[in-house]
Amino acid sequence: MAIKNVLLEIGTEEIPSRFIPDALASLKERAESSMAANRLEFRDVRTYATPRRLTVMITDVSDSQTEQVETFKGPALSAAYDENGEPTRAAIGFAKSKGVAVSGLKEAEINGVKYITAEVRQESKSALEVLPGILSGLISGLTFPKSMYWDNSGVRFARPVRWIVALADDKVIPFTFGTVESGRTTSGHRFMGRRVIEIPNASEYLDLLYDNNVILDQEKRLQKMRTSIANIQKDFEGNYEVEMDAGILEENLYLVEYPVPFIGSFDKKYLEIPEEVLTTSMKKNQKYLAVRNRDKNGRLAPHFIGVSNNLVANMNVIREGNERVLRARLEDAAFFWDEDRKTPLALFVERLKSVTYQEKLGSVYDKVMLTRKLALWLCDAYGEHDIAPLVDRAAYLSKADLVTSMVFEFPELQGVMGREYAKCSGENPRVSLALHEQYLPQYAGDKTPTDDVGAVLGIAERVHIITACHKVGLEPTGSQDPYALRRAARCINEILFARKYNFNMSDTVNEACRINEVDSATQDKIMEFLRQRLLVQLKERGYTHELSTLGVNVAGNVPYQALRLIETLSSVKGEEWFGALANSAVRVKNILQKNAKDVPASAPDESLMKIPAERELYGAVARLEGGVSEAVKVYDWHELTTMLAELSPVVAKFFDDVMVMDKDEAVRNNRLSLLAKCNDLLMTAGDLSVMA
């Protein structure tokens, strides 16, 4: 008879909320794979979590393992028995290794050869015999960003494990993790539930927890949280709207077992502080949701939504306590804001000389000055002369906010405070904006700079970082990338794509290497690193490996044009002419590779062309080769595909009408020479054979 519910609850002290989503996904995946590996059939696996417990519920589990028969191939039949039909040492040894009698060996023909085989039947155990090992393995196999020891047992977990519930319907599944033995006893809500709850049957588990104010199902807990917040919003006095930040909602979801949202307020005087300071303080430190005023274009309102894990008779006590904590933090922020503004932003730059960027690379001030040189070179190289003074000023001020009191307290506000302090210091608005936009994008899918000043500065800084780190051997290795160079390369490309810049990265890296005194071998490594990152990004946009490689090979030094090229080729690859040309490119390539020794270095001789199709191909190549080279040079990809479309039927007709490997050696070599010239033209546009 099947087991309706297998339950595992790992009861702990409060696990950090950021650990839980990945732990849930891992728990589900490992439970499914462990059940399958142990040949226990089941219907589904559900996982739940609160800060104090991780739970797995497996439904409709078979009461025993499925039988399994494995067939193993042994030595060839001819080697297994002698001329008298007696088993040889090879057969006897094979049978012994598989735990079967020699008389039980069988024969099977595999690829025309007869072998002896052994059928090994795996013993079928009851589920109750197998489940202890599965469940204990699920606990010991969980990994977290940080784990801890808490006693002398030697086991580790995110936080100390205090109890384990392991049930197969009404039966305890016995095992031990560290010093904790599994059983049927759990604990309710820390403040609003019973400390000891006995679970008679796994089917009653969820209801018993709910009766003790634990909403175990995170989806239901989130729904309750959202509904309660919506009810609070209905009662607002004013046209306010709660900013439903998905990250803050998820954090709160795994901070509470029974969510009790409440509204709090703060003094309007704090709204004079840049709102990023207020929202950072609310979100980072207190996990509050911000409230915005629809009547004031969505500006921040002097209210917040918090989520308590305790429903008390007088929620004003909870509200006032949270308001008091937030007020202290906002007072600190207001003090920093006032103090920092007493000093013009430019006067902070000198202080960067005492801040080490990296032991081998000097101070942050040194980094700023080198970035400044590269940024000005970019302006000069790509005709951005009108913004050069703005880029120069923005580069000089780019890291000044790092030594302000506000950024020291809230490092994530770097750039934001640079922008705000630059405004207060009377800097050009585009310079102020650039101090923030130099950091964009901060992650995949993030917004990119809206202005050229910040975009150029952002590119210059990232190229400098990549160059400097390679210079001192700090390039990424495997999964290690301590200076986030892969992210820097990604951001460079995203800016180039978004701003449609035709920046040549080979020239840019060459200048960065000159500024940083980097040798040519390291420069080659940097370019290969950037090309590989570009290839990865193009593939992430949904383009095939072959098409992405073609784009990088043809225009990889100018990432924006590599993207445009593969976009153009992708738009025509379904057309008949392109498929025919790709197939022709394969034939051209194969013939030249097979006859590489016979391909003459001399140009084709038109007088040896006896068939109209070869003269037509010769004429088309001569007519188009200059245009194709020019189109690639000026990145006119539409014109390139127009010329390739013109060439396609000519090449196809050549292969239809002409026998390349003619008996006459002179004619044959002349045709090989013609194909070599045709291949040179095709390769100017990339290796189209990969598109066949």
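In the block above lies the structure referred to throughout.
Residues numbered from 1 in each chain as written. Predicted model: local features only at pLDDT ≥ 70, side-chain atom pairs only at ≥ 80, totals over all residues. Heavy atoms only, no water.

A.B. asks: Any chance you could explain the packing of aromatic side chains here in plain terms?
C.D. replies: Here the structure, examined in full by the defined rule, presents 14 aromatic pairs. Residues F144 and F157 carry aromatic rings whose centres are separated by 4.9 Å and whose planes lie at 70 degrees to one another, so their mutual orientation is edge-to-face. Taken as a pair, F144 in the loop between helix 4 (127–141) and strand 7 (161–168) and F157 in the loop between helix 4 and strand 7 lie far apart in primary sequence, 13 residues in all. Each member of the pair F144 and F157 is classed as buried. Look at W377 and Y382: their rings are 6.1 Å apart centre to centre, the planes differ by 90 degrees, and that puts the pair in the edge-to-face class. We classify Y382 as partly exposed; its relative accessible area is 23%. (Phe/Tyr/Trp six-rings, centres within 6.5 Å; stacked < 30°, edge-to-face > 60°. Helix = DSSP H or I, 4+ residues; strand = E, 2+ residues; numbered from the N terminus. Buried < 20%, exposed > 50% of the residue type's maximum accessible area, 1.4 Å probe, protein only.)

A.B. asks: Explanation requested: the sheet that holds strand 14 (residues 260–265) in the structure shown.
C.D. replies: The pairing of strands in a sheet happens through backbone hydrogen bonds and is either parallel or antiparallel. Reading across from one edge, 13-15-16-14 is the order of the four strands in this open sheet, with antiparallel pairing throughout. With one partner strand each, in any of the chains shown, strand 13 (240–242) and strand 14 form the two edges of the open sheet. Averaged over all pairs of adjacent strands, the angle between strand axes in this sheet comes to 30 degrees, irrespective of strand direction. Where strand 15 (residues 289–293) meets strand 16 (residues 299–308), four bridges bridge the pair, whose relative direction is antiparallel. Bridge pairing links L289 to I305 in strand 16. Strands in contact with helix 8 (residues 275–286) are strand 15 and strand 16; relative to strand 16, the strand with the most contacts, it is inclined by about 5 degrees. The sheet contacts of helix 9 (residues 315–340) involve strand 14 and strand 16, and relative to strand 14 the element is tilted by about 50 degrees. (Pairing = 2+ DSSP bridges. Axes fitted to C-alpha atoms, helices over the stretch in contact; angles between N-to-C directions. Contact = heavy atoms within 4.5 Å.)

A.B. asks: Sorry, what's going on with the pattern of salt bridges here?
C.D. replies: Side-chain pairing between opposite charges can occur once the charged atoms of the two side chains come close. By the definition in use, this model includes 41 salt bridges. Between R190 and E14 there is a salt bridge whose closest N-O contact spans 2.9 Å. Residue R190 is found in the loop between strand 11 (185–186) and strand 12 (197–198), and its partner E14 is found in the loop between strand 1 (3–12) and helix 1 (20–37); the two are separated by 176 residues along the sequence. The exposure class of E14 is partly exposed, given its relative accessible area of 34%. With its nearest N and O atoms 3.2 Å apart, the salt bridge here joins E32 to K28. Note that E32 and K28 are positioned in helix 1 at a spacing of four residues, about one turn of the helix. Looking at E32, the relative accessible area reads 30%, which means it is partly exposed. Taking the relative accessible area as the measure of exposure, K28 reaches 31% and is therefore partly exposed. Through salt bridges with shared partners, one network takes in E243, D245, E275, K283 and R292. (Salt bridge = Lys/Arg side-chain N within 4 Å of Asp/Glu carboxyl O.)

A.B. asks: Is there a simple way to explain the pairing of strand 1 in this structure?
C.D. replies: Both faces of the sheet carry side chains from a regular strand, because those side chains alternate between them. Burial runs high along strand 1: nine of the 10 residues are buried. Sheet topology places strand 1 next to strand 7; seven bridges connect them, and they run antiparallel. Bridge assignment links L7 to a residue of strand 7, and that residue is L167.

A.B. asks: Which parts of the structure should I look at to understand unusual backbone geometry?
C.D. replies: Only a minority of non-glycine residues have a phi that is not negative, and only a minority of peptide bonds are not trans. The residue after L440, namely P441, is reached through a cis peptide bond having omega -5 degrees. In the Ramachandran plot, K500 falls in the positive-phi region, its phi being about 55 degrees despite a non-glycine side chain. Mapping K500 onto the fold places it in the loop between helix 16 (485–499) and helix 17 (505–516).

A.B. asks: Looking at this model, I keep getting lost on the side chain of T280. Mind explaining?
C.D. replies: Mapped onto the fold, T280 is located in helix 8. Judged by its relative accessible area of 12%, T280 is buried. Those residues within four positions of T280 in sequence are excluded, and the remaining contacts are N285, F410, E412 and L413.

A.B. asks: So what exactly am I meant to see when it comes to the nonpolar core here?
C.D. replies: Residues M406, M417, I459, I466 and L530 are the most contacted members of the largest nonpolar core, which totals 82 residues. Sort the elements by how many residues they give to this core and helix 15 (residues 452–471) lands first, with 11 residues. Residue contacts for M417: discarding those within four places in its chain leaves P274, V277, W337, D401, M406 and V407. Among the nonpolar cores identified, the runner-up in size contains 55 residues, and I10, A23, I164 and Y254 belong to it. (Core = buried A, V, L, I, M, F, W, Y, C linked by side-chain atoms within 4.5 Å.)

A.B. asks: When you look at the pairing of strand 7 in this model, what are you seeing that I'm missing?
C.D. replies: In terms of burial, strand 7 is a largely internal element, seven of the eight residues being buried. Examined bridge by bridge, strand 7 and strand 10 (residues 180–183) share two bridges and lie parallel to one another. Looking at strand 10, one finds that V165 is bridged to G183. Strand direction decides the pairing type here: strand 7 and strand 8 (residues 171–172), joined by two bridges, are antiparallel. Note on strand 8: the bridge partner recorded for A168 is K171. Once strand 7 ends, the chain turns through two residues before running back antiparallel as strand 8, passing D169 with a positive phi of about 55 degrees.

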